[in-house]
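Per-entry structural report
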Amino acid sequence: MGDNGDSRALWPSQRGLDNLQRGRQMDISQALEDITPYDPVKAPHGIITSPSAADNELVPELLEKYAQRFGRTYQLKDALGYGSVAGPEAMLKAVSQFINRKFEPVRPIKHKDILTTNGVTSLIDMVAYNICDSGEGIMLPTPTYSMYEHDLCARSGLKVIPVSVCPVEDQFRSEGCSKMIAAFSEAYDKAVESGIVVKAVLICNPNNPVGRFYSRKSLTEIARFCGKHRLHLISDEIFAMSGFESTDRNGGKLDNFTSVLSIPEDKESGVFTENIHSLYGASKDFAMGGLRLGFLITRNKQLWQTCRRIALFTWLTSFSTAFFTWFISNDKFVDEYLNTFQRRLKQAYLKTSEAMDKHGIPYLQANGGFFIFIDLSGWLQYFEGTDGPQQDGKQSREEQLCRYMIKKGVYAIMGELSMSTEPGRFRFVYTGRGNEAVIAVGRIANALKELHYSEKESGDTSTCNSELSKADKISVGKLTSRFSRALQKFNCI
Ligand SMILES: Cc1ncc(COP(=O)(O)O)c(C=O)c1O
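The chain appears in an unreviewed UniProt entry as Aminotransferase class I/classII large domain-containing protein from Coleophoma cylindrospora. Note on the chain: under the UniProt heading Sequence similarities (unreviewed entry), the record states "Belongs to the class-I pyridoxal-phosphate-dependent aminotransferase family."

This part covers the overall build of the chain. Counting secondary structure elements, the chain contains 15 helices and 10 strands. Here the chain has a C-alpha radius of gyration of 23 Å; the compact-globule value for 493 residues is 23 Å, and the two agree. For the chain, the spread of C-alpha atoms along the principal axes amounts to about 65 × 65 × 60 Å. Residue burial in the chain is summarised as follows: out of 493 residues, 54% are buried. Taking the contacts inside the chain whose residues are at least 6 apart along the sequence as the reference set, 75% of them involve residues at least 24 apart. Surface exposure of the chain reaches about 22300 Å², of which carbon and sulfur atoms provide 51%. For the chain, the distance from the average site of its 59 positive side-chain charges to the average site of its 57 negative ones is 5 Å.

Right, let's talk about the pairing of strand 4 (residues 198-204) for a bit. Extensive coverage of strand 4 is indicated by the burial of six of its seven residues. As judged from the three bridges shared by strand 2 (residues 137-142) and strand 4, these two strands associate in the parallel manner. When the bridges of strand 4 are listed, Met-139 appears paired with Val-201. Relative to strand 5 (residues 232-236), strand 4 is paired through five bridges, and the arrangement is parallel. When the sheet's bridge partners are listed, Leu-202 is paired in strand 5 with Ile-234. After leaving strand 4, the chain enters helix 8 (residues 216-229) and then returns to the sheet as strand 5, a path that is right-handed.

This brings us to the site of the ligand. The environment of the ligand is made up of 13 residues, and the closest members are Val-120, Thr-121, Asp-236, Ser-283 and Lys-284. At 2.6 Å, a side-chain N or O of Asp-236 approaches a nitrogen atom of the ligand. Coverage of the ligand by the protein chains reaches 92% of its 400 Å² of free accessible surface.

Moving on: the nonpolar core. Core analysis: the biggest nonpolar cluster contains 117 residues, and Leu-152, Phe-286, Phe-324 and Leu-401 have the highest contact counts within it. Ranked by the residues each element gives to this core, the list is headed by helix 11 (residues 331-359), at 10 residues. Each of domain 1 (14-55 + 336-492) and domain 2 (79-329) accounts for three or more of the residues forming this core. Excluding residues within four positions of it along the chain, Leu-401 makes contact with Leu-376, Trp-379, Leu-380, Phe-383, Phe-426, Leu-448 and Leu-451. Grouped together as the second largest cluster of nonpolar side chains are 33 residues, Ala-183, Val-201, Phe-225 and Leu-231 included.

This part is about the packing of aromatic side chains. All told, the structure shown has 36 aromatic pairs when counted by the stated rule. Considering the side-chain rings of Tyr-66 and Phe-327, the 5.1 Å spacing of their centres and the 50° angle between planes classify their relative orientation as tilted. Of this pair, Tyr-66 sits in helix 3 (residues 60-73) while Phe-327 sits in helix 10 (residues 318-328), placing them 261 residues apart in sequence. The pair Tyr-66 / Phe-327 is uniform in exposure class, with both members buried. Aromatic side chains Phe-286 and Tyr-337 sit 5.5 Å apart centroid to centroid with 35° between the ring planes, which places their arrangement in the tilted category. Highlighted residues: Phe-286 in the loop between strand 6 (276-281) and strand 7 (294-297) and Tyr-337 in helix 11, separated in sequence by 51 residues. Judged by its relative accessible area of 0%, Tyr-337 falls in the buried class. Directly above the ring of Tyr-363 sits Arg-249, whose terminal nitrogen or CZ lies 4.9 Å from the centroid.

The rules we used
Every residue gets a number counted from 1 within its own chain, in the order that chain's sequence is written. For a predicted model such as this one, the threshold for reporting local features is a pLDDT of at least 70, and the threshold for listing and counting side-chain atom pairs is 80 or more; totals across whole chains, interfaces and linings nevertheless cover every residue. For the side-chain quantities, the full set of heavy atoms in the structure was used; hydrogens and water were omitted. UniProt positions are given in the numbering used here, feature names are shortened, and annotations may be inferred rather than shown by experiment. Helix and strand definitions follow DSSP, with helices as H or I runs of at least four residues and strands as E runs of at least two, each counted in order from the N terminus. Here the radius of gyration uses the C-alpha set of atoms, whereas the globule reference equals 2.2 Å times the residue count to the power 0.38. Categorising residues by exposure relies on relative accessible area from a 1.4 Å probe, with only protein chains included: less than 20% of the type maximum marks a residue as buried, more than 50% marks it as exposed, and the intermediate range marks it as partly exposed. What makes two residues a contact is simply this: any of their non-hydrogen atoms within 4.5 Å. Residue burial considers only the protein chains on display, and all accessible areas are found by Shrake-Rupley using a 1.4 Å probe. When charges are counted, Lys and Arg contribute as positive and Asp and Glu as negative, whereas His and the chain ends are disregarded. To locate a charge, take atom NZ for lysine, CZ for arginine, CG for aspartate or CD for glutamate. A pair of strands is labelled paired if DSSP reports no fewer than 2 bridges between them. Clockwise travel from the first strand over the helix to the second, with the strands pointing away from the viewer, marks a crossover as right-handed. A single heavy atom is enough: if one lies within 4 Å of a molecule or strand, its residue is considered near that molecule or strand. Pairs of N or O atoms within 3.5 Å make up the polar contacts considered here, provided that, within protein, one atom can donate a hydrogen while the other can accept it, and that residues adjacent in sequence are counted only when both atoms are side-chain atoms. As used in this record, nonpolar core signifies buried Ala, Val, Leu, Ile, Met, Phe, Trp, Tyr and Cys residues forming a set joined through side-chain atoms within 4.5 Å. Domain start and stop positions are those given by an automatic or database domain assignment. Put simply, two rings from Phe, Tyr or Trp (the six-membered ring, in Trp's case) pair if the centres are within 6.5 Å, and we call them stacked under 30 degrees between planes, edge-to-face over 60, tilted for the rest. Whether a charge lies above a ring is judged from NZ of Lys or CZ of Arg, which has to be within 6 Å of the ring centre and within 35 degrees of the ring normal.

Take a look at the structure:
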């Protein structure tokens, strides 16, 4: 153990310290906080970080309207008393009605099937804790939400078993089912051979970072796989309503949202609704991340009870539940909101993907969530080194490209952090404010062009570090030193 900087200060626990090795994405985001953020008027050269943050900035005036109306009915003093620990009955009833309207569950969800925590992040930790004992395993098809590893392992001490499906679309399309299940079986067998007791599969639907929904057939096959091996199936459906009709490059219709709650029982395959759980929340579809509300929807009484027992650690705040109960109980507001949001989501996607097409940035068609998975593998050639997360402290080529783009004023999350096995992929969020997404695409395109042209000028194909310094001189301007300072911090991580 090294010096903690103050010999009088006692060390945290080993498990606490182990967590410092996880959550690289949080470290990177913190390092970038020192850089002036982009503002079209005050800081037009500032860094655009919205491509990295899954925030929903598409509906500010509607949120303002609901907040104003609620404010007229609510006494702030009511927020000061302790409220319900895991959701007042009125809210749970309204949420169950919402789920019954929009998720098409195989049988109606009752308010007693729901437990609320302060956000889905807490819920992931809570469910992992109550499904797995320390050292047991949970399977995750990859690429996946970049915080799962942290959220699942930080306190529960379980093991993540990534399942890589190649090409990535085969995870979602009916046509790719047999390939996907083969990848699941292989990963499961390997984990069991290495002595891991596997307890669950966690999927993210629509997938973050790919922006695609699972077809009903894919979900049914995953449920059967879980049934065969007696595993829980957990589906993080936090972006359930963030979707729109769209097609792939061949004109084929992309799948829309199907909840795992709609999967019927299939006794012969061991599929029981008690072992299939959905996670939902207010942060994404409803752009209300500040309320900190996450909903576990489970038909498994024992799981519900074990979660309820530790819900004191994720106690809700009175204000959040009062506001959300008021909002979600009003079908008219909810439908007005979702219609507007989904229309704007599609528009934002079309605008951003058109900009990508115009600039020749390859990407996978998406119709769910707030993101597009872009493919910058063609530009890795300008960097030296190897691919995949590095064990030796060196940066992968993908990380070097990420750092280079930060210097050029854009931060998008590396595929590596989402356990993507295809180097050079980045998650690009297009639901930022105003025209930020399109400006960010332009900045990425210019940065990539500079890489290409600076190599041509020098006639040197061997290294990017020299190219970088040449390219940097071209247009980084005043903010370079600030970016560099942040990058140095990022370097130390
Ligand atoms: C797939 C997914 N699950 C969960 C979360 C966390 O949500 P919450 O704000 O409810 O903690 C996020 C946040 O980005 C997410 O993308």
